[in-house]
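Reading the structure
If you want the building blocks of each chain, they are given just below.
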Protein chains: 4
Amino acid sequence: MITKTSEVRVRFAETDAMGVVYHSNYLPWCEVSRINLISSIGLSYKKLSEEGYHLPVLEAHMRYKFPARFDDLVEIKATIKDRPALRVKIEYEITSDGRLLATGYTMHAFVNKSGMPVKPPREFIKTILDAYDADEK
Amino acid sequence: MITKTSEVRVRFAETDAMGVVYHSNYLPWCEVSRINLISSIGLSYKKLSEEGYHLPVLEAHMRYKFPARFDDLVEIKATIKDRPALRVKIEYEITSDGRLLATGYTMHAFVNKSGMPVKPPREFIKTILDAYDADEK
Amino acid sequence: MITKTSEVRVRFAETDAMGVVYHSNYLPWCEVSRINLISSIGLSYKKLSEEGYHLPVLEAHMRYKFPARFDDLVEIKATIKDRPALRVKIEYEITSDGRLLATGYTMHAFVNKSGMPVKPPREFIKTILDAYDADEK
Amino acid sequence: MITKTSEVRVRFAETDAMGVVYHSNYLPWCEVSRINLISSIGLSYKKLSEEGYHLPVLEAHMRYKFPARFDDLVEIKATIKDRPALRVKIEYEITSDGRLLATGYTMHAFVNKSGMPVKPPREFIKTILDAYDADEK
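Below is a short write-up of the structure. A quick note: this is a predicted structure, and the numbers were derived from the prediction, not measured.

Comments concerning the relation of the copies chain A and chain B
The two copies are related by a screw operation: chain A maps onto chain B through 180° of rotation and 0.0 Å of translation along the axis, at an RMSD of 0.0 Å. The symmetry that links the two subunits is that of a two-fold axis. For chain A, the smallest separation between a C-alpha atom and the rotation axis is recorded for histidine 61 of chain A, amounting to 2.2 Å.

See the structure below:
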């Protein structure tokens with residue numbers, strides 16, 4: 001299991017006329033969180049994309065429990081539970097001040113610059129499996 | 001079954017550095033589509049919200065098949081398959097030029113201005129069940 | 001003078017916790033409007049960008065007079081007043097139901113795929129000057 | 001003069017198909033920066049809005065010099081140069097790694113919950129003038 005918690009402060013731009021964060025705006029927070037997760041094991045999403053790889057979202061799911069509001073400090077815990085194969089599943093737990101706001105997951109696969117599915121880059125697989133092994137010790 | 005198809009033209013603002021529409025930006029299209037679905041049976045989401053009701057998203061799911069790009073004309077078909085009870089499930093099929101881009105659903109329940117769950121307004125239930133009956137004839 | 005009016009319907013996603021449209025969300029409407037302006041004289045921004053040209057925003061200015069709200073039908077009138085040279089200035093008048101919501105402008109120049117400033121493509125200049133001449137007759 | 005520098009990390013969600021940050025997405029960064037500026041002198045925008053005050057944007061201007069890209073660490077320096085009266089002008093200088101990306105300003109005035117212009121709350125004026133006096137000593 002590989003896990004990493006990131007923080008965002010809710011922007012007024014992210015709220016809607018219900019006075020709470022608009023539901024789709026949780027997904028960029030998940031992005032922030034998975035980029036940090038990837039960085040935390042020594043990989044760089046920026047470098048991967050400069051090398052011509054992208055890791056687009058194939059599937060996204062969010063379940064909303066309690067609304068986030070302007071200026072809330074939100075924690076997004078991203079976790080990779082299963083050893084990634086061709087697909088990588090990342091799970092999210094979003095909380096604020098100890099209260100669960102939302103849970104969800106995204107599913108990803110590597111593509112090249114033309115958007116064609118490709119095998120994960122060797123460095124990605126090696127680093128992520130090393131992180132798994134380190135976690136299990 | 002109640003169904004309605006809406007169109008949006010992809011904005012440059014909705015694309016990302018992969019050259020395609022950023023995944024969370026499909027959700028506002030679903031919103032456009034369900035507002036139109038509600039209007040198509042004679043209800044007004046604007047009027048509902050002025051009367052103190054909101055229909056927030058409890059759950060959202062999207063599966064991405066093929067990317068939308070800048071300037072694409074996108075069709076979003078919103079469907080309510082099951083007679084809505086306390087919860088309303090709306091399903092989406094997103095296509096462009098006959099090609100399936102994504103499928104998904106959102107789950108909703110009514111809340112009042114303070115965000116507390118409430119029964120659907122009587123007019124909503126009556127109108128939506130009438131639309132069902134009309135469809136089944 | 002070249003001018004074109006476009007319409008957008010305000011999305012809930014575009015509102016904020018003040019109950020009105022968040023100020024930065026007027027800029028994508030201006031984008032919709034200038035893309036349509038360019039199309040209206042027979043050019044395609046999509047084709048230009050496929051040929052390796054982009055027309056990024058060098059400067060943007062908005063003055064907000066009256067707030068747009070969810071579900072409002074908004075008209076954005078885009079106008080090129082001066083014959084474009086290296087820079088193209090586009091002015092906007094944003095109204096809803098006859099009421100002035102905002103005015104503004106954006107300033108643009110052509111760049112190539114690497115983001116380096118380049119002369120406007122010959123076809124762009126010819127078409128836009130023809131549109132001017134047609135307007136003046 | 002009251003000034004405060006804030007940092008944001010560029011999200012992939014904020015980029016567009018030119019590979020750089022979409023121009024309107026600089027404005028929420030300015031919002032982050034002015035909320036922090038207000039906090040830095042001991043005021044809370046959240047508290048102000050709970051008391052029924054809002055400080056909407058009357059005018060926004062941005063001049064773009066060099067594009068921000070995914071994962072860049074961006075600094076936004078917000079400055080109030082003139083003692084605020086009915087209107088408050090905030091100026092921004094946006095840099096990354098020492099390079100100037102953009103400059104701009106926003107103009108604000110207080111409104112009440114109904115959106116009607118009102119005098120700035122007494123506490124706001126007192127605190128901001130105290131901050132001025134402290135700066136001038």
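Focus: the interface of chain A and chain B
At the interface, 17 residues of chain A touch 17 residues of chain B. Elements with a minimum of two residues in the side of chain A that touches chain B: helix 1 (26-40) and strand 2 (57-64) of chain A. A total of eight residues in the side of chain A that touches chain B trace back to one element, the largest contributor, which is strand 2 of chain A. A breakdown of the residues in the side of chain A that touches chain B according to their chemical character gives 10 nonpolar, five polar and two charged. The pairing of strand 2 of chain A with strand 2 (residues 57-64) of chain B spans five bridges and is antiparallel. By the bridge assignment for strand 2 of chain B, methionine 62 of chain A is matched with alanine 60 of chain B.

Observations regarding the relation of the copies chain C and chain B
Screw-axis analysis of chain C against chain B gives a translation of 0.0 Å along the axis, an RMSD of 0.0 Å, and a rotation angle of 180°. A shared binding surface is used by both copies, with 100% of the interface residues of chain C retained as interface residues in chain B.

A word on the environment of proline 84 of chain C
All names here are of chain C. Assignment of secondary structure puts proline 84 in the loop between strand 3 (73-80) and strand 4 (87-96). In this structure proline 84 comes out as buried when scored by C-beta crowding, with 20 C-beta atoms within 10 Å. The spacing of proline 84 and leucine 129 is 45 residues in sequence and 8.4 Å in space, taken between C-alpha atoms.

Thoughts on the pairing of strand 4 (residues 87-96) of chain D
Residues and elements named next belong to chain D. Covered by surrounding structure in strand 4 are Val88, Ile90, Tyr92, Ile94 and Ser96 only, the residues Arg87, Lys89, Glu91, Glu93 and Thr95 on the alternate face being uncovered. As defined by bridge partners, strand 3 (residues 73-80) adjoins strand 4 across five bridges and the pair is classed as antiparallel. Across the sheet, residue threonine 79 finds its bridge partner in strand 4, namely glutamate 91. The turn linking strand 3 back onto strand 4 is made up of six residues. Note that strand 4 and strand 5 (residues 99-109) share 10 bridges and pair antiparallel. Residue pairing for strand 5: tyrosine 92 is matched across the bridge by glycine 104. Adjacent in sequence and paired antiparallel, strand 4 and strand 5 are bridged by two residues, among which aspartate 97 carries a positive phi angle near 55°.

Reading the values: the criteria
- Residues numbered from 1 in each chain as written.
- Chains lettered and ligands numbered in written order.
- Predicted model: local features only at pLDDT ≥ 70, side-chain atom pairs only at ≥ 80, totals over all residues.
- Least-squares fit on C-alpha atoms with pLDDT ≥ 70 in both.
- Contact = placed C-beta atoms within 7 Å.
- Helix = DSSP H or I, 4+ residues; strand = E, 2+ residues; numbered from the N terminus.
- Nonpolar A, V, L, I, M, F, W, Y, C, P; charged D, E, K, R; others polar.
- Pairing = 2+ DSSP bridges.
- Buried ≥ 20, exposed ≤ 12 C-beta atoms within 10 Å, placed from the backbone.

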